[in-house]
Amino acid sequence: MKKPLLLLLAGLFVTVTSFSQIVAGRMNEVFLKTDLVPAASNLQDPWEITYGPDDSLWITEAKGYKVRKVHPTNGGMRTVLDLTTFTPTTPINFRRQFASTQNPWPQGGLMGLAIHPDFMHATTPKKFVYLAYVRSYVGQNQTYNGEAVSGHLFITWLVRFTYDNSQLVSPVVMCDTLRGSNDHNSGRLIIAPEGGTNYLYYALGDMGAGQFDNLSRTIKSQMTNSYEGKILRFNLESDGDAGLSAWIPNSNPYGANSAVWAMGMRNNQGFAFGSVNGTNRFYGSSHGPFSDDEINLLESGRNYGHPLVIGYSTDGNYNNAKAGPIGSSLPLIGTESANATAIGSTYRDPIYSNYNAPAGNTSTPWSIQYIYQNVDTDPGAGTAYAQNLNGNWASEGYSGLDLYTGNAIPGWKNSLLVGSLKWGRVLRMKLNTTGTAIVPTDGEDTVSYFGGRNRFRDIAISPDGRNIYVVMDRSSTTSGPSSNNPVVPACAGCVQRYTFLGYNHNSGTGKSYIPTDIDVSAGTAGTCNTATTVTINSANNNTNIWVPITGPDGNIVAEIKANGNNLGIVSASYYIKSGSPRQDPFMRLYMNRSITITPQTQPSTPVSIRLYITAAEFTSLQGASNTQGMPSGVSAISDLRIRKNDDACGGTLTNTTTVLTPDVAEAHGTGGYVLQVNSLSSFSSFYFGNPNMAVLPVNLLTFKGSLLNNSAFLQWETSSEQNTSHFIIERSTDGRLFEKVGTVSATGNTGAASRYSFTDNDAANQSSTTVYYRLRMVDIDGTLSYSKVVSLTYDRIYSVFSVYPNPVKHTMKVRVSLPEAMVVNIQVMDMQGRVIHTQTASLGTGASEVEIDSRNWPAQVYSVKLTGSDQQVLGVQKAVKL
């Protein structure tokens, strides 16, 4: 592991970082952990980390009052704003108005940051960056604007800056009356659309009312005329109203002069917004008093219950208690469910609440706490019970929140990621298909990642979904509650990057450690689905682990273990067909899924691959028969073989295939299967079928047909035969139902080429002008296989001219019958389409005959084309030269 080295280049700090490979959680994902900005960089409590549209990480320092831009790859860092020295200071002083030694310090300081959606617009960029910071300290137990305020009072400003020449300049005050505290300032910002318009949302906490230094402070989370304990909504630009009202949307739910958008919050410290299966969803993470941290689905005009309902309204674990000490200013809850009913239709339960113990005796809630069996694994796991823990809280201290909507990490798509201040980890919670509830992952409601001795303050995700960025507090505490349980950080004030690599190889089983809980990608039927593109090389530290390829739904398609090969950029796609299984040209069934993998560089030594199919696809093939009633030959997963060829991704197997026998063929969870090959020489397209799908009684090179007057002349050639008995020629008028029209004996056993032919003299007498032919190839032991199908179409031209004798030896005669005299052109083309003879003749009405010398022509089938003087094609005939 390297030690960090700081270099200063033209005002840009470049950090050479340390890194290590880790298995991050119980789902076995392998990440490369990098100290992108290490403790030695001395960031003063980074609060916000945002992956900006300019491909930079934007970070605020809560205590340093600086905004930094950090390069997401090499950790290069630049200061773009310092609110301790910012100029100009007139006519408005935007600097922090209290010293760095201020005690108490506000919870936070320089907090939320948001970037205008049009920041990188190609023609009319809006280089606006929005910041929330505690600007000034009023004092303790002060009278402010005629109100006696108990506890510590700070004032927070919401300000819009403009990014220009690598600096944040031109500040504009949007709100200068946001009250602050040394506890529960919240402070998150996010920009999200609502009704087609983008707005700025700000979370303001309850000021810690009812606890510690603010024990007697009035709780205002349920007061609509106060901003405390609310989610506020602002315009991104002035709407032209007078004064600061210009920044308040006139459509806000509590009036045109109120920024209140939602209420009943305690300490919302995280925001996340994104589309979940096509529906926009807005989430917030909030602290519970001593248990019941919450994940809320945020909506306009909703009431989230604090301090009358904590966590779920139905669990009753705060009944007859307060959301704080019994002697605090907080109201007695009574019954949570009754309070929710009294609030009415605007009340909304959280979609998730952790450590939500069942109802119990909570008349003195600050001495009765909740603990859980197996809480080291997950917050919702195990059996809950009440016990006196003398102030040890069963809570996480939810902080920064993000929504993972990418598909790079299997199973993560549509998951919430939330930072834990108390437990030093990131929690992942999988959303249901509508984004309105949490569903289990591998049997548990949450999955823990990156655990350590740190306070995880905020999270950001790279656009490709492969990198998770986190910031950690430098301080061990930020308020009264955390000072009772300080966490001495292992990486103080760090910015860490966790890059997803894949899954380790299980040397005991010879397989991937990928969890069977990961679903197989379903895909869209009737098309080639684009899978993720991965880069496999030594620079990415992933040439000796299993690198997954996922579909658009974030579920698994394939895994590659390069065994040390540098494959470079690997692209993949997979075709899905609905309905009955597919048939190849030889009538053999194969599965409705095929997978195409294309590396930048093919391997020089064998690699390993795992290919995934759904249970439904396997079952469909397992019980199927082809159009002739022949079964698929697949009874168990062990019967499956992999057919590999150079086809592009598509719906039909086209080119010749080679057969791979899987080293592993087994179920993957309850909804899929996996086939693993341990020694693969190259990548291409992969199909799936029965054990004998490449075993034919004969190696058929060609099968073709041509029209000879009113007959069908069929020819085929084999390159080798083994125990071949005979060929049955079958005819059809619809391409589906075939009948036998002849039999030709086979050579039987030969390694040399053999040629065969058959003439169907009854072809023109069928009910359809298009006639289909195929060969049924029969082995001595009765094994059957089929050739591809050829079609021949008759039309009126066969009554206009004919070619004879056919086959021809020396002289070809073309007999033409015309209704009127005309000049005709005769063209003769070989099998490659080359014109070998052209002749023009003036022919009269009625029958005429033209002789053509064919002595020097090679033996093959020729096409004779007759064209009239008006360039109209009068017909085409086939002729065989012996």
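These figures come from a predicted structure and were not determined experimentally. (Residues numbered from 1 in each chain as written. Predicted model: local features only at pLDDT ≥ 70, side-chain atom pairs only at ≥ 80, totals over all residues. Heavy atoms only, no water.)

Undergrad: Could you give me a rundown of the state of the cysteines, with the residues and numbers involved?
TA: Scanning the model with the defined rule gives two disulfides in all. Across a sulfur-sulfur distance of 1.8 Å, C491 and C494 are joined as a disulfide pair. Measuring the twist about the S-S bond at about -85°, one finds the C491-C494 disulfide to be left-handed. Through a disulfide, C528 is tied to C649; the S-S separation comes to 2.2 Å. As the torsion about the S-S bond is roughly -115°, the C528-C649 disulfide counts as left-handed. One end of the pair, C528, is in strand β33 (residues 527-530); the other, C649, is in the loop between β42 (641-645) and β43 (658-660), and 121 residues separate them in sequence. Accessibility expressed as a relative area gives 30% for C528, which makes it partly exposed. On the accessibility criterion, C649 (23% relative accessible area) is partly exposed. With its bonded cysteines labelled in order along the sequence, the protein shows the pairing 1-2, 3-4. (Disulfide = S-S within 2.5 Å. Helix = DSSP H or I, 4+ residues; strand = E, 2+ residues; numbered from the N terminus. Buried < 20%, exposed > 50% of the residue type's maximum accessible area, 1.4 Å probe, protein only.)

Undergrad: Give a description of the pattern of salt bridges that names residues and reports values.
TA: Pairing of side chains with opposite charge becomes possible as their charged atoms draw close. According to the stated counting rule, one finds 29 salt bridges in the structure shown. Residues R776 and E730 are paired through a salt bridge, measuring 2.4 Å at the closest nitrogen-oxygen approach. One end of the pair, R776, is in strand β52 (residues 770-779); the other, E730, is in strand β49 (residues 724-732), with 46 residues separating them in the sequence. Accessibility expressed as a relative area gives 23% for R776, which makes it partly exposed. Overlapping salt bridges bring together E48, R188 and D458 as one network. (Salt bridge = Lys/Arg side-chain N within 4 Å of Asp/Glu carboxyl O.)

Undergrad: Talk me through helix α3 (residues 615-622); I want residue IDs and the actual numbers.
TA: What α3 keeps buried is the set E617, F618 and L621. In an axial view of α3, the angular spread of the buried residues amounts to 100°, which keeps them on one side of the axis. As for α3, its buried residues are in contact with β37 (568-576), β39 (589-590), β40 (593-599), β41 (607-614), β45 (672-680) and β46 (685-689). (Arc of directions from axis to C-beta. Contact = heavy atoms within 4.5 Å.)

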